[in-house]
Structure formats: C-alpha cells, structure tokens
Amino acid sequence: MKQCMDSDNLHRRLSKIEGQVRAIDRMIDEDIPCEDILSQVNAVKSAMHKVGQIILEGHLQHCVKDGIQHGDADKTIASFTKAVERFANMK
C-alpha cells in the first residue's frame, strides 16, 4: 500500500496534526475559551479529512487503476466502494 501514497506528504501532515492536538491539550490546561478550543478541534478535523482525501486519491490512482487493468475488476471496484464508504463515514 505504501507505493500508492505520497508518504512524505502524509507524514508531514500527520506531524502537523500531532502538534495541533498537543496544542489543544495545552489550551485546555491554560483555560482558553471553549470557542477557541473548538476552532482548533475543527482545524484538526479538517486536516484529518484532507489526509483521508490524499489516501483515497492515491488508492484510486494506483491500486484501483492497477486492479482494473491487471486484476479482477469486480473485486477491485468492490474494494474501492468499501474505501469510499469508510471515507464518507468520517465525521
């Protein structure tokens, strides 16, 4: 699966998200207003959604494309459908 992902980009994004989560944790201890904390929670949520988009796009561009061209197209489409459902269920 690693070959279908832009792993450097994903690692950079996830490191940034880790920093954002740590900052939220500090904000709670520092008695920052709830609205400000919620803004940061939303930023993390949006960043994670983008990570999911990148993974899904890589899956489509590599795994699905290769599966349709060189493998079992029906199985590949079913697998992609499952991946899209999982992505769509991210809230």
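This report concerns the structure included in the present document. Per chain, residue numbering runs from 1 following the sequence as it is written. In keeping with the model being predicted, local features are shown solely for residues with a pLDDT of at least 70 and side-chain atom pairs are shown and tallied solely at 80 or more, while totals for entire chains, interfaces and linings include all residues. Hydrogens are left out, water is left out, and the side-chain values use all remaining heavy atoms of the structure.

### Some remarks on the overall build of the protein
Phase 1: Helix and strand counts for the protein stand at 3 helices and 0 strands.
Phase 2: Numbering of helices and strands starts at the N terminus; helices are DSSP runs of H or I of at least 4 residues and strands are runs of E of at least 2. Reading the protein from its N terminus to its C terminus gives the helix and strand order α-α-α.
Phase 3: Two things to know: the radius of gyration comes from C-alpha atoms, and the globule rule equals 2.2 Å times the number of residues to the power 0.38. Taken over the C-alpha trace, the protein has a radius of gyration of 17 Å; the compact-globule value for 91 residues is 12 Å, which it surpasses by more than 25%.
Phase 4: The principal-axis extent of the C-alpha atoms belonging to the protein is close to 55 × 25 × 10 Å.

### Some remarks on helix 3 (residues 73–88)
Phase 1: Expected span, for any helix, means 1.5 Å times one less than how many residues it has. Along its 16 residues, helix 3 runs 22 Å from first to last C-alpha, staying within 8% of the 22 Å computed at 1.5 Å per residue.
Phase 2: Near the N-terminus of helix 3, the side chain that reaches the backbone nitrogen of Asp74, with its oxygen 3.1 Å away, is that of Asp72. Here a polar contact means two N or O atoms within 3.5 Å. Within protein one must be a hydrogen donor candidate and the other an acceptor candidate, and residues neighboring in sequence count only if both atoms are side-chain atoms.

### Brief notes about the side chain of Gln20
Phase 1: With respect to the element layout, Gln20 can be found in helix 1 (residues 7–29).
Phase 2: Contacts of Gln20, omitting those with residues within four sequence positions, involve Ala43, Val44 and Ala47. The criterion used for residue contact is that any of the two residues' heavy atoms lie within 4.5 Å.

### Side note on the packing of helix 1 against helix 2 (residues 34–70)
The geometry of a pair of packed helices is captured by two quantities: the angle between their axes and the separation between those axes.
Phase 1: Each axis is a line fitted through C-alpha atoms, taken for helices only over the stretch in contact, and angles between the N-to-C directions span 0 to 180 degrees. Viewed as axis vectors pointing N to C, helix 1 and helix 2 meet at an angle of 165°, and their least axial separation amounts to 10 Å. Relative to helix 2, the element helix 1 lies roughly antiparallel. Handedness of the crossing formed by helix 1 with helix 2: left-handed. Contacts between helix 1 and helix 2 involve Asn9, Leu10, Arg13, Leu14, Ile17, Gln20, Val21, Ile24, Met27 and Ile28 from the former and Asp36, Ile37, Gln40, Val41, Ala43, Val44, Ala47, Met48, Lys50, Val51, Ile54 and Ile55 from the latter.
Phase 2: Three categories are distinguished: nonpolar for Ala, Val, Leu, Ile, Met, Phe, Trp, Tyr, Cys and Pro, charged for Asp, Glu, Lys and Arg, and polar for the others, with Gly belonging to the last. Partitioned by chemical class, the residues of the contact of helix 1 with helix 2 number 16 nonpolar, 3 polar and 3 charged. Throughout, the term roughly parallel applies to angles under 35 degrees, roughly antiparallel to angles over 145, roughly perpendicular to angles from 65 to 115, and oblique to all others. The crossing is said to be left-handed when, going from far helix to near helix, the turn is anticlockwise and less than a right angle, and right-handed when the turn is clockwise.

### Some remarks on the environment of Ile54
Phase 1: By secondary structure assignment, the location of Ile54 is in helix 2.
Phase 2: Note on Ile54: relative accessible area 13%, which makes it buried.
Phase 3: As for Ile54 and Val21, which are separated by 33 residues in sequence, their C-alpha atoms are 20 Å apart.
Phase 4: Setting aside chain neighbours within four positions, we find Ile54 in contact with Asn9, Leu10 and Arg13. Burial classes: relative accessible area under 20% of the type maximum marks a residue as buried, over 50% as exposed, and values in between as partly exposed (1.4 Å probe, protein chains only).

### Structural notes on a nonpolar patch on the surface
Phase 1: On the surface, Leu14, Met48 and Met90 cluster together into a nonpolar patch covering about 230 Å² of accessible area.
Phase 2: Checked against the element boundaries, Met90 lands in the segment after helix 3. Exposure above 30% relative accessible area and no salt bridge define the residues that can form patches, which grow by joining like charges within 9 Å and nonpolar side chains of Val, Leu, Ile, Met, Phe, Trp and Tyr within 5 Å. Here the Shrake-Rupley method, with its probe set to 1.4 Å, supplies the accessible areas, and only the displayed protein chains count as covering residues. Take a side-chain nitrogen of Lys or Arg and a carboxyl oxygen of Asp or Glu: if they are within 4 Å of each other, that pair is a salt bridge.

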